[in-house]
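Each chain is listed here by its residues.
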Amino acid sequence: MKTSSLWGTPPSRFYRFLKRLGEEAEGNPPTLAVVGCADGKFVLPAARRGFKVWAIDIDEIALFGGMKQDTSGEVHMPGLRSRVKDEDLEELVEIVHGDFMESAPGRTFDGVFTSGALQYSNNMEHSLTQMVDAVGDLVRPGGLFYLDYMLPYEEKYKGRPNCPEAPWWAEYLKQRPQWDVQYNRVMEPTLDRAHVEYPVDHYHQWGHALAVRAPSA
Ligand SMILES: C[S@@+](CC[C@H](N)C(=O)[O-])C[C@H]1O[C@@H](n2cnc3c(N)ncnc32)[C@H](O)[C@@H]1O
């Protein structure tokens, strides 16, 4: 049975990332860490393709199900665990409830993906540099790091230290010799369809970068 995320569907660039990871794995099941996985918008498409996924989120309801409150009222979220079970993918997905700054998996991955999680207000006790360093350290030498980062387009993100303007990201990546940056693109503000926690169509501005970790770093 195919399930769906209350966060909507991944953009096509995510599928291109999976395709490249799959090609580089040369027949072995690729390993992927999804940092800030919520109810699995990015986890299920990878597991359906046979990837072994380590998925972490701090939000218990997104992982294990429950009621979410937003301005449209109460919404039932089945959660990642139930989606994984319904799709018979339990052997491929390890779900971790925790803070990615505190719950290290003790191993590295062929690919690491994160989308918007670092910009959450609960992460302001850490500098963005510390967070990107920590998430990037999960990538094995020669592996791929995909970062979807929120830019301060909406009022609530402006001035937030973990949501800087685009040049911060270019500078960060330039200063880290372990990353061979394949691209780092700033998108025009785009209309995101209503999703759980944000139940009206809204504009965000995103940047996204793909980097390969140096084989010896
Ligand atoms: C923008 S949401 C995106 C969720 C998912 N990437 C998607 O688009 O469906 C970011 C997710 O990161 C999680 N998150 C934020 N800070 C976190 C932290 N310190 N540790 C683990 N998860 C975190 C949030 O709970 C949220 O589910």
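Residues numbered from 1 in each chain as written. Predicted model: local features only at pLDDT ≥ 70, side-chain atom pairs only at ≥ 80, totals over all residues. Heavy atoms only, no water.

Participant: Sorry, what's going on with the side chain of Gln119 here?
Facilitator: Among the structural elements, Gln119 can be located in the loop between strand 6 (109-115) and helix 5 (128-136). Overall, Gln119 belongs to the buried group, its relative accessible area being 2%. Polar contacts involving the side chain of Gln119 include one to the main-chain amide nitrogen of Met150, which spans 3.1 Å. Within the local environment of Gln119, its side chain forms a polar contact with the backbone oxygen of Asn162, the two atoms lying 3.1 Å apart. (Helix = DSSP H or I, 4+ residues; strand = E, 2+ residues; numbered from the N terminus. Buried < 20%, exposed > 50% of the residue type's maximum accessible area, 1.4 Å probe, protein only. Polar contact = N/O pair within 3.5 Å; in protein donor to acceptor, adjacent residues only side chain to side chain.)

Participant: Is there a simple way to think about the site of the ligand in this case?
Facilitator: As a matter of local geometry, the ligand sits amid 16 residues, with Gly36, Asp57, Asp99, Phe100 and Asn123 nearest to it. One of the backbone N or O atoms of Ile58 is found 3.2 Å from a nitrogen atom in the ligand. In this structure, a nitrogen atom belonging to the ligand sits 3.2 Å away from a side-chain N or O atom of Asn122. Look at the ligand: alone it shows 580 Å² of surface, and the protein chains cover 95% of it. The residue makeup of the shell around the ligand, split by class, is seven nonpolar, five polar and four charged. (Near = heavy atom within 4 Å. Areas by Shrake-Rupley, 256 points an atom, 1.4 Å probe, with all protein chains shown as cover. Nonpolar A, V, L, I, M, F, W, Y, C, P; charged D, E, K, R; others polar.)

Participant: What is the right way to look at the packing of aromatic side chains in this model?
Facilitator: According to the stated counting rule, one finds 13 aromatic pairs in the structure shown. Where Phe42 meets Phe113, the ring centres are 4.4 Å apart and the plane angle is 45 degrees; that geometry is what we call tilted. Of this pair, Phe42 sits in the loop between strand 1 (31-35) and helix 2 (43-48) while Phe113 sits in strand 6; the two residues are 71 residues apart in sequence, bridging distant segments of the chain. Both rings, one in Tyr149 and one in Trp169, keep their centres 4.2 Å apart while their planes meet at 10 degrees; by these two values the pair is stacked. Placement of the pair is Tyr149 in strand 7 (residues 139-151) and Trp169 in helix 6 (residues 166-174), with a sequence separation of 20 residues. We classify Trp169 as buried; its relative accessible area is 1%. Taken together through their ring pairs, the aromatic side chains of Phe14, Tyr15, Phe17, Phe42, Phe113 and Tyr146 make up a single cluster. The residue whose ring lies beneath Arg213 is Trp179, and the NZ or CZ to ring-centre distance is 5.1 Å. (Phe/Tyr/Trp six-rings, centres within 6.5 Å; stacked < 30°, edge-to-face > 60°. Lys NZ or Arg CZ within 6 Å of the ring centre and 35° of its normal.)

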